[in-house]
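Tertiary structure, described
Take a look at the letters that make up each chain.
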Amino acid sequence: MIDIKNLIFEYDRGIRVLDNISLSCKNGESVGLVGANGAGKSTLLKLLVGIADKYEGEIKVDGLDVNKKNISKIREKTGYVFQDYDSQLFMPKVVDDVAFAPVNYGFAKEEVDRRVDKALTQINIEHLRDRHIYKLSGGEKKLVSIATILSMEPEIILMDEPSIALDPKNRRNLINILNNLGQLKIIASHDLDMIMDTCKRTVLLSGGRIAADGDTREVLSDKELLESAGLELPLRLQK
Amino acid sequence: MSRLDNAIHELNHIEDVAGRDQWVNNIHPLVKLALTIIYIIIVVSFGKYNLSGLIGMAVYPAAVFILAELSFKDSLKRLKVVLPFVCIVGIFNPFFDRIPIYNIGSFTVTTGMISMLTLVIKGVFSVLASYLLIAITTIEEICFALRLIHVPSIIVTQVMLMYRYISMLIGEVERITKAYSLRAPGQKGIHFKVWGSLVGQLLLRSMDKAEAVYESMCLRGFNGNFYYSEKHKFVMSDIIYFAVWLIILLVFRFVPIVRAFGYIFG
């Protein structure tokens, strides 16, 4: 579903953020993307949906090269949750924001309504439907921002720090939701405990390179490996 | 609630009103946009001394206020920032155009006074018509209507994004001023020495935010076009609403109805 070969990405000033990344993810997989600040997690996710461009190497999403020609098809299949929920939410009301993608993809009103209802129900936020976004708490905004991409019914879900701003109850709720989603999910996060609960596979980025790629329990219980990448063991594994 | 909070609240309130499920809100946005444009053109086309004819044009805003169940008092409150500017437009007319027309007691009414009043009323009516359009039509619907009359996509997108960014910009201003006041207790307002850096910060943050919001829109299928499903297909009631108003406005423009009433009841 996602194939990345020898990916190199530099910002304008010649700072290499991703260095020779090769990665392959299949349908239905749940992949945790972990690494210290500046390791390149967000950049990698952005490259998959064409927000960042001018890369070297090859990125294919569902068999399509990530380029200007294919980008709208790729974006239709891919839901991207921003780290900063304020960037994700721009409509006045929750219902308008969740409906934004289905409306833009030209679905009929009944279908838009069905998708909105389904997305809100999936996240358990039906009660927020007619609320103004600016009046929501940080945690509520985060949940709404996830609902905005679920209404697209995407084949691939990319999430950048989805558990930020969530209280323990909503975080647990999110974990349950993620575990019930059958799509390919790539979740970039510093919340290693959440990664343990949601992802069978984890990719550890360090200095723009893949430092480890394997079973989540194995990667996240390797103290030396994590510390060399600027991380710590997940809280549940710390004594 | 701070003034900035209040501004965001006001913006959202107008969106709420515009999105209500009333029949006047559900009229096709193109009909409402076209009527507003036609109304403004007709209002502006009145001669500068044709005060009686112009007064008759109050029929449109008055009727829309009633049909949309809008509060006239609240609307005037919202327009209080703009209306003084409108009133200033013709302020010099009485000084340059001093031909006397008639006397009311010892007070002489001049053509300049009439033309000033006409200009003010034209301005007030035009602002009211624009406000009413916004109050019964959401920004997405207005943009959709603008695209239907082939206003270039890039301009329409700018209009919509600008509207969307207003609340975001106010939010940023609020965060910056709060952060400042928390570290500058006892100061009234912001010291002029830091205005430059605060405005610079605001600009940079707003640009970043605007870019992120635009990216978020593009990732959810936005490509500059506005799609509306069958909610906005023309129906017979739209055509009737347009035709009735067009006839009424043309009648009020070309038939001196107010003057006729004056003769009858005067």
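You'll find the structure just up there.
For the structure given in this document, a descriptive report is provided here. (Residues numbered from 1 in each chain as written. Chains lettered and ligands numbered in written order. Predicted model: local features only at pLDDT ≥ 70, side-chain atom pairs only at ≥ 80, totals over all residues. Heavy atoms only, no water.)

**Some thoughts on the overall build of chain B**
A count of helical and extended segments in chain B gives 13 helices and two strands. With the C-alpha coordinates aligned to their principal axes, the bounding extent of chain B is approximately 65 × 55 × 30 Å. Buried positions account for 42% of the 266 residues belonging to chain B. By sequence separation, contacts in chain B at least 24 residues apart represent 75% of the contacts at least 6 residues apart. When the accessible area of chain B is evaluated, it comes to approximately 15,100 Å², of which 71% is carbon and sulfur surface. For chain B, the separation between the mean place of its 24 positive charges and that of its 17 negative charges on side chains is 9 Å. (Helix = DSSP H or I, 4+ residues; strand = E, 2+ residues; numbered from the N terminus. Buried < 20%, exposed > 50% of the residue type's maximum accessible area, 1.4 Å probe, protein only. Contact = heavy atoms within 4.5 Å. Areas by Shrake-Rupley, 256 points an atom, 1.4 Å probe, with all protein chains shown as cover. Lys, Arg positive; Asp, Glu negative; His and termini not counted. Charge placed at Lys NZ, Arg CZ, Asp CG, Glu CD.)

**A word on the interface of chain B and chain A**
Opposite the 22 residues of chain B that make contact, chain A presents 30 residues. A buried area of about 2,300 Å², summed over both sides, lies between chain B and chain A, and 58% of it is on carbon and sulfur atoms. Counting the contacts that link chain B with chain A gives two salt bridges. When the shortest N-O distance is used, the salt bridge between lysine 209 of chain B and aspartate 84 of chain A registers 3.1 Å. Mapped by element, the contributors of at least two residues to the side of chain B that touches chain A are α1 (3–18) and α11 (195–219) of chain B. (Buried area = accessible area lost by both parts, 1.4 Å probe. Salt bridge = Lys/Arg side-chain N within 4 Å of Asp/Glu carboxyl O.)

**Quick notes on the packing of helix α2 (residues 29–45) of chain B against helix α9 (residues 139–148) of chain B**
Residues and elements named next belong to chain B. Two elements in contact, α2 and α9, have axes whose closest approach is 8 Å; the angle formed by their N-to-C orientations is 75 degrees. Considering the angle they form, α2 stands roughly perpendicular to α9. Note on element contacts: α9 touches α2 through Glu141, Phe144, Ala145, Leu146 and Leu148, opposite Pro29, Leu30 and Leu33. Considered class by class, the residues forming the contact of α2 with α9 number seven nonpolar, no polar and one charged. (Axes fitted to C-alpha atoms, helices over the stretch in contact; angles between N-to-C directions. Parallel < 35°, antiparallel > 145°, perpendicular 65-115°, else oblique. Nonpolar A, V, L, I, M, F, W, Y, C, P; charged D, E, K, R; others polar.)

**Overview of the side chain of serine 126 of chain B**
All names here are of chain B. Within the secondary structure, serine 126 is located in helix α8 (residues 111–136). Look at serine 126 and you get buried, because its relative accessible area is 15%. If near-sequence neighbours (up to four positions away) are discounted, serine 126 is found in contact with Ile40, Val43 and Val44.

**Some remarks on the sheet that holds strand β4 (residues 56–61) of chain A**
Residue and element names in this part refer to chain A. One open sheet holds the four strands; their spatial order is β2-β1-β4-β5, and the pairing between them is antiparallel. Each end of this open sheet is capped by a strand with a single partner; those strands are β2 (16–25) and β5 (64–65). With seven bridges joining them, strand β1 (residues 2–10) and β2 adopt antiparallel strand pairing. In the sheet register, isoleucine 4 faces β2, and the bridge partner there is leucine 23. Across the sheet, helix α1 (residues 41–48) is in contact with β1, β2 and β4; its angle to β1 comes to roughly 120 degrees. (Pairing = 2+ DSSP bridges.)

**Points about the pairing of strand β9 (residues 201–206) of chain A**
Residue and element names in this part refer to chain A. Taking burial as the measure, the six residues of β9 include five buried ones, the bulk of the element. Examined bridge by bridge, strand β3 (residues 30–35) and β9 share five bridges and lie parallel to one another. Opposite glycine 32, over in β9, you have threonine 202 as the bridge partner. Two strands pair when backbone bridges link them, and β9 and strand β10 (residues 209–215) are joined in this way by six bridges, in the antiparallel orientation. Bridge pairing links serine 206 to arginine 209 in β10.

**Focus: helix α4 (residues 94–104) of chain A**
For α4 of chain A, the tally of buried residues reaches nine of eleven residues, placing the bulk of the element in the interior. Turning to α4 of chain A, its buried residues number three or more, namely Val94, Val95, Asp97, Val98, Ala99, Phe100, Ala101, Pro102 and Asn104 of chain A. Packed against the buried residues of α4 of chain A are α3 (85–88), α5 (109–122) and α6 (138–150) of chain A together with α11 of chain B.

**A look at the sheet that holds strand β8 (residues 184–188) of chain A**
Two strands in a sheet stick together by hydrogen bonds in their backbones, pointing the same way (parallel) or opposite ways (antiparallel). All names here are of chain A. The six strands are arranged β6-β7-β8-β3-β9-β10 in an open sheet whose pairing can be described as mixed. With partners counted over all chains shown, the strands left at the sheet margins are β6 (78–81) and β10, one partner each. Neighbouring strand axes in the sheet, compared pairwise and without regard to direction, differ in orientation by 15 degrees on average. Bridge analysis of β6 against strand β7 (residues 156–160) gives four bridges, and the strand direction is parallel. Across the sheet, the residue bridging to tyrosine 80 is leucine 158, located in β7.

**Quick look at a negative patch on the surface**
All names here are of chain A. A cluster of acidic residues, Asp222, Glu224, Glu227 and Glu232, forms a negative patch on the protein surface. If you trace the backbone, glutamate 232 turns up in the segment after α10 (223–228). Overall, glutamate 232 belongs to the exposed group, its relative accessible area being 55%. (Patch = residues over 30% accessible without salt bridge, like charges linked within 9 Å, V, L, I, M, F, W, Y side chains within 5 Å.)

Read these as geometric descriptors, not functional statements.
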